[in-house]
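# Structural overview for review
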Amino acid sequence: MKRLSLLMFSWGLLITSLFCPVSAAWYQDKQGIMGTNIQVEVWSEDENLGHQATTAVMVEMERINQLMSPYIDSSELAILNQQAAQHPVKVSKELFDLIALSIQLSLETQGAFDITFASVGYLYDYRNHQKPSEQQVKSLLEAINFRHLQLNEQEQTVSFAHPKVKIDLGGIAKGHAVDNAIAILQAMGIQHALVTAGGDTRLLGDRRGKPWMVGIRDPRHEDKQAVILPLVNIALSTSGDYERYFEQDGQRYHHILSPQSGHSSYAVQSVSIIGPRSTLNDALSTAVFVLGVQQGMDLINRTPGYDGIIMDNQRKLHYSKDLTAQ
Ligand code: ADP
Ligand code: MG
C-alpha cells in the first residue's frame, strides 16, 4: 500500500513536471541606469529566456541612455545642444521622432511640456543644491520656447533658432525606454511582465491570474503609498516634486519647471497618468504637473484613453472623470 502511494506520488510529480516546466518562474533584475532605478520582472517557462529577457531590457535602457543623456558628451542629444544653434544637425530617426512628438505635445499642453525648459534647467544641480540666479533666469527665459526648434523631416536634421536654446528629454525619454523594453519582451514571446524606470511603469498582461498592484508614493513620506491600484496590461507614470530637489530658505527647488517662469512649479505635489503608452504618460504627467489641478484635469479628461490622479499642494487627491465613474 505504502509502495503504491509512493509510486502514485512519483508519477504525479512526473506528470506535473511534464506540464509545468521546473524553470517556470518570475525572473527579475534591478539596476541604476539613466540616473534612476530600473526594475524588470518577467514570467518565463524557460530559464534561459527569462534571463535573456531581463538582460535585453537593461541593454535597451543603456542604449537609450547613451543616445539621449545630456550628461554624456558623445550622446546625440549633447551634440545637438553643442551645435544645433550654429547649423542643422543630422540625428537618428529615433531621436528625431521623439523631438517631433515632444513639439506636438507642447502644442497640445499649451506649452506646459516643453523640452527647451533645459535652456534654464541646465543651471540646476539638485545634488549640489545649485540653482540659477534671478538674473540668469531672466536673461535665458526667452530661450525656453519649443517654437525655436526647427525640424527638417527630409534631411532628418534639427536646428535651434535661438543661440541659448538647450533641450532635455528627461520628461519623456524614460517612458519611451519603457515602451521599447515592453516591445522587446513581446517580440521574445513574454506575456507577463513589469518594466519600471523611475516613475514610469508599464505592465504586460497580468500577474498570472492576479492584477499587478502598483503604488503611487506619498509625496511627503518615502515609505508610504498614497494610492495602490490594481492594474492589468496598461502603463502608469508619476511625476512628483520629491524625485529630485533640495530645500533652501524654506523653499523646495525641484526638477519640474514651469516653462513660463523658469522656476519649479508649485501647483501640485504629484501627478499620475494611466494609459496604454508610457511615452505619453510620462510627458503628460510632467505637463499636468505644470498646468495644475484645473487645467491639468481638463487636459486628462479630453485625452481619450488616459486617466489621472493629482495630489494638490494641500495633499488632496483629485481623480479624472473615468476613475470617479468606476
Ligand atoms: P522623473 O521620473 O525623472 O521624475 P518626470 O516625468 O517627473 O520624471 O519629469 C521630470 C523631468 O522632466 C525633469 O527631470 C526634467 O528633465 C524634465 N522637465 C522638467 N520640466 C519640464 C517641462 N516643463 N517640460 C518638459 N520636460 C520637463
Ligand atoms: Mg514625466
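Scroll up to find the structure this text is about.
For the structure given in this document, a descriptive report is provided here. The structure displayed is predicted, hence computed values, not measured ones.

### Some points on the pairing of strand β8 (residues 212-218)
In this sheet, strand β9 (residues 221-231) lies alongside β8 in antiparallel orientation, the contact comprising seven bridges. By the bridge assignment, Asp218 is partnered in β9 with His221.

### Things to note about the pairing of strand β11 (residues 245-248)
Sheet topology places β11 next to strand β12 (residues 251-254); four bridges connect them, and they run antiparallel. When the sheet's bridge partners are listed, Gln248 is paired in β12 with Gln251. Connecting the antiparallel pair β11 and β12 is a turn made up of two residues, with Asp249 showing a positive phi of about 50 degrees.

### Some words on the nonpolar core
Across soluble globular proteins, nonpolar side chains have a tendency to be buried as a group. Of all hydrophobic cores here, the largest spans 65 residues; its most connected members are Met61, Leu80, Ile167, Leu169, Leu185 and Val195. Per-element tally for this core: the top contributor is helix α8 (residues 278-301), with eleven residues. Looking at this core, you find at least three residues from each of domain 1 (29-68 + 171-325) and domain 2 (85-160). Those residues in contact with Met61 that sit more than four places away from it in its chain are Ile33, Met34, Ile38, Ala177, Val178, Ala181 and Val195.

### Here we look at the sheet that holds strand β5 (residues 157-160)
The antiparallel open sheet is built from three strands, whose spatial order is β3-β5-β4. In this open sheet, the two edge strands, each paired with only one partner strand, are β3 (89-90) and β4 (149-152). As defined by bridge partners, β3 adjoins β5 across two bridges and the pair is classed as antiparallel. Bridging across to β5, Lys90 finds its partner in Thr157. Sitting on the sheet, helix α4 (residues 93-108) is in contact with β4 and β5, with an inclination near 130 degrees to β4.

Calculation criteria
- Residue indices follow the written sequence of each chain, beginning from 1 at its first position.
- Chains and ligands are labelled sequentially in the order written, the chains with letters from A and the ligands with numbers from 1.
- For a predicted model such as this one, the threshold for reporting local features is a pLDDT of at least 70, and the threshold for listing and counting side-chain atom pairs is 80 or more; totals across whole chains, interfaces and linings nevertheless cover every residue.
- The basis for every side-chain value is the complete set of heavy atoms in the structure, and neither hydrogens nor water enter the calculation.
- Note: two strands are recorded as paired if DSSP finds a minimum of 2 bridges between them.
- Starting at the N terminus, helices and strands are each numbered in turn, a helix being any DSSP run of H or I of at least four residues and a strand any DSSP run of E of at least two.
- Residues grouped as a nonpolar core are buried Ala, Val, Leu, Ile, Met, Phe, Trp, Tyr and Cys residues, joined through side-chain atoms within 4.5 Å.
- Each residue is assigned to one of three classes by its accessible area relative to the maximum for its type, calculated with a 1.4 Å probe on protein chains only: buried under 20%, partly exposed between the two thresholds, exposed over 50%.
- Marked domain ranges trace back to an automatic or database domain assignment.
- In what follows, a contact means two residues having at least one pair of non-hydrogen atoms within 4.5 Å.
- Only the stretch in contact is used when fitting a helix axis, every axis being a line fitted to C-alpha atoms; angles between N-to-C directions are given from 0 to 180 degrees.

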